[in-house]
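A closer look at the structure
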Amino acid sequence: MRTKNLLIVSLLSFLFSCTEKPKPSILPQIIPEPTVIEVVASDFVLNDNTEIKASDDFKVSSDFLKAYVSNGSAIRLKDHSGFNTISFEKDEKILNSEAYKLNISENEIIISASTDQGAFYAVQSLRQLFPASFENGTFQENQVAIKGLSIEDEPQFNYRGMHLDVGRHMFSVDFIKKYIDALAMLKINTFHWHLTEDQGWRIEIKKYPKLQDIAAFRNETLIGHYSDQPHQFDGKKYGGYYTQEDIKEIVAYAQDRFVTIIPEIELPGHSQAAIAAYPELGCTGEKVEVATLWGVFEEVYCPKEETFKFLEDVLDEVIALFPSTYIHIGGDEAPKTHWKACEACQKRIKSEGLKDEHELQSYFISRIENYLNSKGRQIIGWDEILEGGLAPNATVMSWRGTKGAVEAAKQKHNVIITPTSHSYFNYYQSTNADEPLAIGGFLPLDKVYNFNVIPKELNKDEQKFVLGAQGNLWTEYIKTSEIAEYMAFPRVIAMSEVVWSKQENKNYEDFVSRLEWFHKRLDSLNINYANHLYEVEGELISNNKSIHYKLQTLTKDKVIHYTLDGSEPELDSEIYNESIPIPTSTTIKAAVFNTKEKLGKTFSETINLHKAVGQNITISKEPHRAYSGSGARGLINGISGSNTRFGDKEWLGFWGEDIEIVIDLGEESEINSVETRFYNGKGQWIFAPEKLEIVFDDNEPETVLISKSKDLLVDVIFEKSTQVRFIKIRIPNYGTIPDGLQGAGNKAWTFIDEIIVN
Ligand code: ACM
Ligand code: ZN
């Protein structure tokens, strides 16, 4: 019976549809990778006879699909077709509310889920089986073949987030919607909206008009990088804010895409703009300006009753606008300088029986938590909220590595993982010199992709407190939406797979091939993604004194051409087939080509075959696992690190540790100098040491003093002509970061580059 019906339906659909065959369906290249996907034989053809059948339970997801088809093409769906249907079906057996099944066969597409949200994610997968031209309404044909397949899919983490700082730079309502749209496409369910900063307050609060008139605007903005000296400013007033009407519109837009917006109202730190508007909220009562420089500022809220009244009023308006259970209250980088000198603060410490200013911060956060809990909301805070004791119900967002997450999870608090090393998309993503100016650091796509969210230190029970992870986009150096897109994409695409896909399904090579395909969709969506897929990566290989250089590129079916004479590689330059012997110091230039043209940028590496290259090296401590570069050998591989990106393969990072490095030259050798350099990015807590010691064989140690510098790079050159086999270098850590500087009170990082022995 069933077979016969199917036959009639097939026949009818053949007669009804166009006489021409549709173009072949596209192969599934879905991002994030689904849990299980199986391709079946026949395609589904969507055309003017297709009907979308959905009950009100699936209103959002089915409306999204209808709009996608009608905005994407001239195809007009039928209200009642009787055959060739896309059906939304409720399946209560699907336990995860975000999970779905998608079955595509010749005559029907069935989307099953227990919720509209699960069905929405099925639609996002289905969407990626449509030609990219649907994204901008340029699909020309009147039918489209959709690959026959079946998918069963569910997320690995409930919290899948992306952040945006609008305090340092602000973006239009349309851009915020575009951002949310892209997140939804990637099945990211949370938008963490960082709304208040030292440099600008961006949310309308009706009860406090000076937040709009004063706190929302700064007089000028820093030009160039913070570490460029002297600081120069553009002299132009900058600012604005989102009205409550804007926010309602954005929240509703996000709800239609199952994106929860978590607003962040920073306290007690990063609040100089609010204090500029209402000086009585600070400890000194003195008038300050909205900040024009980046960094950490000493103007923090004073924990007095009128401050709490102000914050509760602000939060009342915030929770009326945002339905999210979570409200992010910041809590990071709040210097205690003013609190130490403030009579009201010291009185509060006494009257509440607190030990110190850290416990005062904890008191501050707990009071705000209490208030928000009384309104049915929960708080998230950056990991500094651990200091002085966690508020009873707080969720911790771990950014200074994952230590805070481990500590909080062991205290049975929920955590969200966003370490600078893997989640800060404001860091550079390529070593190319022409990248847009960024804060520093180096976080390439593969490092994001290979991020393992669960910290190793947690046992099975503790792991349950890990809600998920997110990417962060801080915008000190992101002035335009084009640059915001460039920094976020494709790293957020990698992050979507980190938080959604099963660990055992993840494969970087496969991801890259899907991403190359996904570029077409991003082009159609007019998203200004960074494309570093057509670049060359190099690696020096040394064994038994033979030194070779290996080149590779990420995508398939491409050719690498290279030169060794400093000239630009062209289509007729040497083709790379196997690792290149390097008998002398040289510069390799290489680029990726297809059969017709150069695709990516020219890669250039200068190899300096100094006396330590290819010899043995040991370091008394392992580099930090987030900054282990290419290991100890990377310090004597003939290649220096980037001048601006301390997280690349060549730099090694150590956190708070003294280290001892021993280089064995294999035999007594004549040398004239030992050189190295340290990174000195104080904004990232990285400090060059103040001195080091060098020991040649069994001789007395010699101390090399390193002068204090504001420069980002500090060179150390020790000249001595001698015969030596073992060179020992002892490098003490800078120590604790002094008051008044970013990261004060924390251990400093040491970052060391190539050790050049001439
Ligand atoms: C942060 O990056 N200050 C959370
Ligand atoms: Zn005070």
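Bear in mind the structure is a predicted one, so any value in this text is a computation, not a measurement.

Examining helix H16 (residues 481-488)
Buried within H16 are the following residues: Ala 484, Glu 485, Tyr 486, Met 487 and Ala 488. Where H16 is buried, its residues meet strand S9 (159-165), helix H4 (173-185) and helix H17 (491-500).

Some details on the nonpolar core
Counting residues in hydrophobic clusters, the biggest one holds 203 residues, and the most contacted among them are Trp 193, Leu 211 and Leu 551. Examining the composition of this core, we find that 9 residues originate from one element, H4, more than from any other. Contacts of Leu 551, omitting those with residues within four sequence positions, involve Val 536, Glu 537, Gly 538, Ile 560, Tyr 562, Tyr 576, Ile 580, Ile 588, Ala 590 and Phe 603. Ranked by size, the runner-up nonpolar core spans 30 residues in total, among them Ile 617, Ile 659, Ile 727 and Ile 755.

Structural notes on the UniProt feature "domain: Beta-hexosaminidase bacterial type N-terminal" (unreviewed entry) in the chain
In the numbering adopted here, UniProt assigns the feature "domain: Beta-hexosaminidase bacterial type N-terminal" (unreviewed entry) to residues 28-153. The distance from the first to the last C-alpha atom of residues 28-153 is 14 Å, and the span holds 21% helix and 29% strand.

Focus on the sheet that holds strand S22 (residues 466-471)
An order of S9-S10-S17-S18-S19-S20-S21-S22 is seen for the 8 strands of this closed barrel, with the pairing classed as parallel. Averaged over all pairs of adjacent strands, the angle between strand axes in this sheet comes to 30°, irrespective of strand direction. Across 3 bridges, the pairing between strand S21 (residues 415-417) and S22 is parallel. Looking across to S22, one finds that Ile 416 is bridged to Gly 468. Lying on the sheet, helix H12 (residues 403-410) is in contact with strand S20 (395-398) and S21; it crosses S20 at an angle near 160°.

Considering helix H8 (residues 305-321)
Compared with the 24 Å implied by 1.5 Å per residue over 17 residues, the 25 Å span of H8 between its first and last C-alpha is a close match. Where H8 is concerned, the buried positions are Thr 307, Phe 308, Phe 310, Leu 311, Asp 313, Val 314, Leu 315, Glu 317, Val 318, Ile 319 and Leu 321.

Points about the packing of aromatic side chains
Here the structure, examined in full by the defined rule, presents 44 aromatic pairs. With 4.9 Å between their ring centres and 75° between their planes, Phe 130 and Phe 134 make a pair best called edge-to-face. Its relative accessible area of 1% is what places Phe 130 among the buried residues. What makes Phe 134 buried here is its relative accessible area of 2%. The interplanar angle of 50° and the centroid separation of 6.0 Å between the aromatic rings of Tyr 278 and Phe 310 together place this pair among those described as tilted. Note that Tyr 278 is positioned in the loop between helix H7 (272-277) and H8 and Phe 310 in helix H8, a separation of 32 residues in sequence.

What to know about the pairing of strand S6 (residues 108-113)
Buried residues dominate S6, accounting for 5 of its 6 residues. As judged from the 6 bridges shared by strand S4 (residues 85-90) and S6, these two strands associate in the parallel manner. Paired with Lys 90 across the strands is Ala 113, a residue of S6. In this antiparallel pair of consecutive strands, strand S5 (residues 100-104) and S6, the connection spans 3 residues.

Remarks on the UniProt feature "domain: GH29D-like beta-sandwich" (unreviewed entry) in the chain
What UniProt calls "domain: GH29D-like beta-sandwich" (unreviewed entry) maps, in this numbering, to residues 546-602. Annotated as residues 546-602, this span is 0% helix and 44% strand, and its ends, taken at the C-alpha atoms, are 26 Å apart.

Some remarks on the packing of helix H2 (residues 59-72) against helix H3 (residues 116-127)
Running from amino to carboxyl end, H2 crosses H3 at an angle of 20°, the nearest separation of the two axes being 7 Å. The orientation of H2 with respect to H3, classified from their angle, is roughly parallel. Between H2 and H3 the crossing geometry is right-handed. On H3, the residues touching Lys 59, Val 60, Ser 61, Phe 64, Leu 65 and Tyr 68 of H2 are Asp 116, Ala 119, Phe 120, Val 123, Gln 124, Leu 126 and Arg 127. Grouping the constituent residues of the contact of H2 with H3 by class yields 8 nonpolar, 2 polar and 3 charged.

Here we look at the sheet that holds strand S25 (residues 559-563)
Sheets are built from strands that pair by backbone hydrogen bonding, the pairs being arranged parallel or antiparallel. Taken in spatial order, the 4 strands of this open sheet run S26-S25-S28-S29, and their pairing is antiparallel. Pairing within the sheet leaves two strands with one partner each, and these edge strands are strand S26 (574-575) and strand S29 (603-607). Inspection of the sheet shows S25 paired to strand S28 (residues 586-593) by 5 bridges, in the antiparallel sense. Bridge pairing in S28 links Ile 560 to Val 592.

About the criteria used
Counting restarts for each chain: residues are numbered from 1 in the order of the written sequence. Chain labels run from A onward and ligand labels from 1 onward, assigned in the order the entries are written. Predicted model: local features are reported for residues with pLDDT of at least 70 only, side-chain atom pairs are reported and counted for 80 or more only, and whole-chain, interface and lining totals are derived from all residues. Side-chain figures throughout are based on the complete set of non-hydrogen atoms in the structure, without hydrogens or water. Note on exposure labels: buried denotes an accessible area under 20% of the residue type's maximum, exposed denotes more than 50%, and partly exposed covers the range between, all computed with a 1.4 Å probe on protein chains only. What counts as a helix is a DSSP run of H or I of at least four residues, what counts as a strand is a run of E of at least two, and both are numbered from the N terminus. Should any heavy atoms of two residues lie within 4.5 Å, those residues are counted as being in contact. Joining through side-chain atoms within 4.5 Å is the link that ties buried Ala, Val, Leu, Ile, Met, Phe, Trp, Tyr and Cys residues into a set, and such a set is a nonpolar core. UniProt positions are given in the numbering used here, feature names are shortened, and annotations may be inferred rather than shown by experiment. Paired strands are those between which DSSP finds at least two bridges. A fitted line through C-alpha atoms represents every axis, and for helices the fit uses only the stretch in contact; the resulting angles, taken between N-to-C directions, go from 0 to 180 degrees. Multiplying 1.5 Å by the residue count of a helix minus one yields the expected span of that helix. Any Phe, Tyr or Trp ring, taking Trp's six-membered ring, that has another such ring centre within 6.5 Å forms a pair; planes under 30 degrees apart are called stacked, those over 60 apart edge-to-face, and the others tilted. If an angle is under 35 degrees, it is roughly parallel; if it is over 145, roughly antiparallel; if it lies from 65 to 115, roughly perpendicular; otherwise it is oblique. Crossings are sorted by hand: turned counterclockwise from the far helix by less than a right angle, the near helix makes the crossing left-handed, and turned clockwise it makes it right-handed. Nonpolar residues are Ala, Val, Leu, Ile, Met, Phe, Trp, Tyr, Cys and Pro. Charged residues are Asp, Glu, Lys and Arg, and all others, Gly as well, are polar.

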